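Summary of structural features
Listed below are the residues making up each chain.
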Amino acid sequence: MDCNIFNVKDVSRETLERLRLFESLVKKWTKTINLVSKRDFSKIWERHILDSAQIYAHLPKSPGIYSDFGSGAGFPSIVLATLLYEENPNLKTHLIESDGRKAAFLRTALRELQIPGTVWVQRVQEVTLPPVSILSARAVAPLSELLSMAEALINEETTCFFPKGVSWKKEVDRAQKQWKFSLKTINSHTQSEAVILELGSIKRVRD
């Protein structure tokens with residue numbers, strides 16, 4: 001296993017064991033609720049876990065609240081929560097997933113991995129949380145829609161991490177018509193032409 005993707009000197013054996021356990025849980029539950037595609041079933045570690053883990057090196061230090069929406073199969077949410085738990089076991093983690101079956105999977109994963117966290121079985125627009133330190137979402141919606149959907153969870157101190165594919169520049173251009181934000185693009189180590197968008201200082205453009 002290539003631990004360099006985590007970009008940390010020492011990932012504990014316990015954390016790696018938790019991630020391997022998570023991989024096995026995804027495989028088990030996919031047989032009944034289709035968490036990942038048949039094409040990706042044999043490469044969950046490379047395609048989903050390492051893809052999610054690469055965000056970790058770019059997260060702000062000592063965040064207060066981490067939230068992910070459209071959490072689905074737990075990518076990147078469960079992976080990042082597991083990595084963050086090693087350095088900050090008191091971190092407040094909130095996963096938002098409106099599909100009841102997937103929410104049940106997320107609760108099971110947190111319990112089996114012994115990672116504290118809250119799963120909201122709601123749409124992100126309905127969740128009542130204060131603005132969060134870190135917000136992520138993977139394969140949910142175009143960038144402008146992501147920001148609109150999660151507007152109540154964002155302030156100028158929030159840092160957002162959104163993995164995106166080859167059309168990310170078009171998404172950014174559209175989003176900038178409605179939003180102001182600082183932007184850093186992080187090249188993906190696992191998918192060519194994919195990036196992770198890191199957004200900060202987020203404000204809606206007012207007419």
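Every value quoted in this text rests on a predicted model; they were computed, and no experiment measured them.

It is worth spelling out helix α2 (residues 44-53) at this point. The element α2 is extensively covered by neighbouring structure, given that eight of its ten residues are classed as buried. Three or more residues of α2 are buried, namely Ile44, Trp45, His48, Ile49, Leu50, Asp51, Ser52 and Ala53. In the core, the buried residues of α2 are packed alongside α1 (13-33) and α3 (77-87).

Our focus in this paragraph is the environment of Lys177. When you line up the elements, Lys177 lands in the loop between α6 (168-175) and β6 (179-187). Spatially, the C-alpha atoms of Lys177 and Val205 are 7.4 Å apart, while their sequence positions differ by 28 residues.

Glancing now at the packing of α1 against α2. Packed helices, taken two at a time, are described by their axes: the angle between them and the distance between them. Orientation of α1 relative to α2, taken along the N-to-C sense of each, is 120°, at an axis distance of 11 Å. As summarised for this structure, α1 and α2 are arranged oblique, according to the angle between their axes. In this structure, α1 meets α2 at a crossing whose hand is right-handed. For the pair α1 and α2, contact is made by Leu19, Arg20, Phe22, Glu23, Val26 and Lys27 and by Ile44, Trp45 and Ile49, respectively.

Moving on, we get to the packing of α1 against α3. Between α1 and α3, the shortest axis-to-axis distance is 10 Å and the interhelical angle comes to 165°. The orientation of α1 with respect to α3, classified from their angle, is roughly antiparallel. In this structure, α1 meets α3 at a crossing whose hand is right-handed. For the pair α1 and α3, the contacting residues are Thr15, Arg18, Leu19 and Phe22 in the first and Ile78, Val79, Thr82, Leu83, Tyr85 and Glu86 in the second. Split into classes, the residues belonging to the contact of α1 with α3 amount to six nonpolar, two polar and two charged.

A complete count under the given rule lists one cavity of 30 Å³ or more for this structure. Taken as a whole, the largest cavity encloses approximately 40 Å³ of empty space. Top contributing element to the lining of the largest cavity by residue count: α3, with three residues. Taken together, the residues of the lining of the largest cavity break down into six nonpolar, two polar and no charged.

Our next topic: the sheet that holds strand β4 (residues 134-136). Spatial strand order, β3-β2-β1-β4-β5-β7-β6: seven strands in an open sheet with mixed pairing. Each end of this open sheet is capped by a strand with a single partner; those strands are β3 (118-120) and β6. Averaged over all pairs of adjacent strands, the angle between their axes in this sheet comes to 20°, without regard to strand direction. Bridge count for strand β1 (residues 65-69) against strand β2 (residues 92-96) is five bridges, and the pairing is parallel. Bridge pairing links Tyr66 to Thr93 in β2. Lying over the sheet, helix α4 (residues 100-113) contacts β2 and β3, oriented at roughly 180° with respect to β3.

Basis of the calculations
Residues numbered from 1 in each chain as written. Predicted model: local features only at pLDDT ≥ 70, side-chain atom pairs only at ≥ 80, totals over all residues. Heavy atoms only, no water. Buried < 20%, exposed > 50% of the residue type's maximum accessible area, 1.4 Å probe, protein only. Helix = DSSP H or I, 4+ residues; strand = E, 2+ residues; numbered from the N terminus. Contact = heavy atoms within 4.5 Å. Axes fitted to C-alpha atoms, helices over the stretch in contact; angles between N-to-C directions. Parallel < 35°, antiparallel > 145°, perpendicular 65-115°, else oblique. Left-handed = near helix turned anticlockwise from the far one by under 90°. Nonpolar A, V, L, I, M, F, W, Y, C, P; charged D, E, K, R; others polar. 1 Å grid on protein atoms, 1.4 Å probe; cavity = no way out; pocket = protein on both sides within 12 Å on 5 of 7 lines; lining within 4 Å. Points joined across faces, edges and corners; volume = space filled by probe spheres on them. Pairing = 2+ DSSP bridges.

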